[in-house]
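Remarks on the overall topology
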Amino acid sequence: LDANNTSNYNLLVGGSWYNTGTFLGRAATVTFNSTVATTYDISAGVSGLFNNLIISGGSSTTYRLVNTNLTVKGNFNLTSGTFNLNSRQFNFGDGIGSDNLNVYSNFNLDANSTLSMGSNASLNVASGVFSMIGSNELNPASISTNSGKFSFVVNSGAQIRGRYYAVSGLNTGGLIVRSGATLGS
């Protein structure tokens with residue numbers, strides 16, 4: 001599937017994504033937009049490089065990574081629903097320009113999952129819950145950088161939950177938790 005190098009067609013996906021061939025995302029945006037209260041799979045495949053990705057499901061809709069890791073080189077917006085890394089790696093940002101990972105709903109980084117941030121990328125928990133819950137010290141949830149440094153901000157009204165996690169590669173501002181944000185485990 002080719003999003004077209006000239007037109008950069010955007011795609012709306014109302015269910016699971018199983019890439020068993022070649023997907024050329026180019027500069028397009030892929031939006032997962034099912035509002036059905038169920039769990040959908042995202043299997044990006046070997047060539048599953050997304051430019052921009054939006055998860056905009058219903059409040060009881062869950063999207064989870066299966067079989068392969070996920071790479072998004074541009075922006076990622078979790079506007080509604082739940083996104084689970086499911087013990088996979090999410091490579092975010094390409095270090096060119098500003099790459100923004102925005103969370104407005106439920107983002108789950110579980111045991112053995114890694115969120116690998118690109119240089120100068122931003123992780124912004126605007127609202128909702130960002131969970132980093134590993135199973136023990138040997139199987140943490142982790143956030144790291146694949147190059148350079150990144151920013152991490154938890155805004156008022158948002159919640160960050162953590163237990164058995166590791167975070168490295170933050171910029172000089174560190175983890176910023178704004179007044180009115182909630183910390184939990």
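The text that follows walks through the structure, step by step, so that each part is easy to find. (Residues numbered from 1 in each chain as written. Predicted model: local features only at pLDDT ≥ 70, side-chain atom pairs only at ≥ 80, totals over all residues. Heavy atoms only, no water.)

**Some words on the sheet that holds strand β7 (residues 62-65)**
Taken in spatial order, the 8 strands line up as β2-β4-β7-β10-β13-β16-β19-β22 in an open sheet, and their pairing is parallel. Across the chains shown, the open sheet's two edge strands, defined by having one partner strand only, are β2 (17-18) and β22 (182-184). Sheet topology note: the strand β10 (residues 82-84)/strand β13 (residues 106-110) ladder contains 3 bridges and is parallel. Looking across to β13, one finds that Phe83 is bridged to Phe107. (Pairing = 2+ DSSP bridges. Helix = DSSP H or I, 4+ residues; strand = E, 2+ residues; numbered from the N terminus.)

**Some words on the sheet that holds strand β15 (residues 122-125)**
Spatial ordering of the open sheet is given by β1-β3-β6-β9-β12-β15-β18-β21, a layout of 8 strands whose pairing is parallel. With partners counted over all chains shown, the strands left at the sheet margins are β1 (11-13) and β21 (170-177), one partner each. Within the sheet, the average angular offset between the axes of one strand and its neighbour, ignoring direction, is 10 degrees. With 4 bridges connecting them, β15 and strand β18 (residues 150-154) associate as parallel partners. Following the sheet pairing, Val125 is matched in β18 by Val154. (Axes fitted to C-alpha atoms, helices over the stretch in contact; angles between N-to-C directions.)

**Re the packing of aromatic side chains**
Evaluated as defined, the whole model comprises 15 aromatic pairs. Ring centres of Phe107 and Phe130 lie 4.9 Å apart, and the angle between their planes is 20 degrees; this geometry places the pair in the stacked category. Here Phe130 lies in strand β16 (residues 129-133) and Phe107 lies in strand β13, a separation of 23 residues in the sequence. This pair shows no difference in class: Phe107 is buried, exactly as Phe130 is. Taken together through their ring pairs, the aromatic side chains of Phe76, Phe83, Phe90, Phe92, Phe107, Phe130 and Phe152 make up a single cluster. (Phe/Tyr/Trp six-rings, centres within 6.5 Å; stacked < 30°, edge-to-face > 60°. Buried < 20%, exposed > 50% of the residue type's maximum accessible area, 1.4 Å probe, protein only.)

**Points about the pairing of β7**
Where strand β4 (residues 39-43) meets β7, 4 bridges bridge the pair, whose relative direction is parallel. Bridging across to β7, Ile42 finds its partner in Leu65. As defined by bridge partners, β7 adjoins β10 across 3 bridges and the pair is classed as parallel. Within β10, the residue paired with Thr62 across the bridge is Thr82.

**Looking at unusual backbone geometry**
Notably, Asn86 is not glycine yet its phi reads approximately 55 degrees, a positive angle. Considering the arrangement of structural elements, one finds Asn86 in the loop between β10 and β11 (89-92). A positive phi angle, near 60 degrees, is found at Ser87, a position not held by glycine. On the accessibility criterion, Ser87 (36% relative accessible area) is partly exposed.

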